[in-house]
Amino acid sequence: MLFNPSRDEARHFLIESWRKHGSHGKEPMTDLEKMTAAVLMRHPEYHQFLTPDYLDRDWPVEYGETNPFLHVSMHLAIEEQISIDQPFGIRALFGELCKVAGNEHDAQHLMMEGLGEMLWQAQRYGLPPDPAIYLDILRNKLPKQGG
């Protein structure tokens, strides 16, 4: 299991998971590799980048580019958060966001915005990521109740 992989290790893992998926069962896959392949299946626009040719490429956000490796990694992080309900309450918020977004995948994209914002704030202020900020950002994506 990858606890704190380097950029290259994480990218290799994603590429290898996709390669194994393409073997159509001829190579065994771990549960995490299967989960990764399922996320990748929902993002055909990234399939072209799942080769070693793209290990060193950068996708500058300043140019409006989305880093496919980061995007998929954030999906995996969110799926893990939901599965263990950490931070506490994230699973229930995900259920509410599914109603807002119309499906689980788009709900995860809303969550990704919140996760990214929390991480940006932590980096900007030199503080550890604050789950309370993340949960507040997600709550603000829900329709206002009452009044």
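In the annotation of an unreviewed UniProt entry, the entry for the protein chain reads DUF1841 domain-containing protein, and the organism field reads Silvimonas amylolytica.

Asks: Quick question: what am I supposed to make of the overall build of the protein chain here?
Replies: In terms of helices and strands, the protein chain carries six helices and zero strands. Counted from the first residue to the last, the protein chain has its helices and strands arranged as α-α-α-α-α-α. Since a compact globule built from 147 residues should have a radius of gyration of about 15 Å, the 16 Å found for the protein chain is in line with a globular shape. Every one of the 147 residues in the protein chain was classed for burial, and the buried ones make up 37%.

Asks: I keep staring at the packing of aromatic side chains and nothing clicks. Help me out?
Replies: Ring pairs (aromatic) are described by centroid distance and by the angle formed between their planes. Following the criterion strictly, the structure yields three aromatic pairs and no others. Seen from their ring centres, Phe-49 and Tyr-54 are 4.9 Å apart, and the 85° between their planes marks the pair as edge-to-face. According to the relative accessible area criterion, Phe-49 is buried, its value standing at 12%. Tyr-54 gets classed as partly exposed once you look at its relative accessible area, which sits at 24%. Put simply, the rings of Phe-49, Tyr-54, Trp-59 and Phe-69 touch in pairs and so form one group of aromatic residues.

Rules and cut-offs
- Residues numbered from 1 in each chain as written.
- Predicted model: local features only at pLDDT ≥ 70, side-chain atom pairs only at ≥ 80, totals over all residues.
- Heavy atoms only, no water.
- Helix = DSSP H or I, 4+ residues; strand = E, 2+ residues; numbered from the N terminus.
- Rg over C-alpha atoms; globule rule 2.2 N^0.38 Å.
- Buried < 20%, exposed > 50% of the residue type's maximum accessible area, 1.4 Å probe, protein only.
- Phe/Tyr/Trp six-rings, centres within 6.5 Å; stacked < 30°, edge-to-face > 60°.

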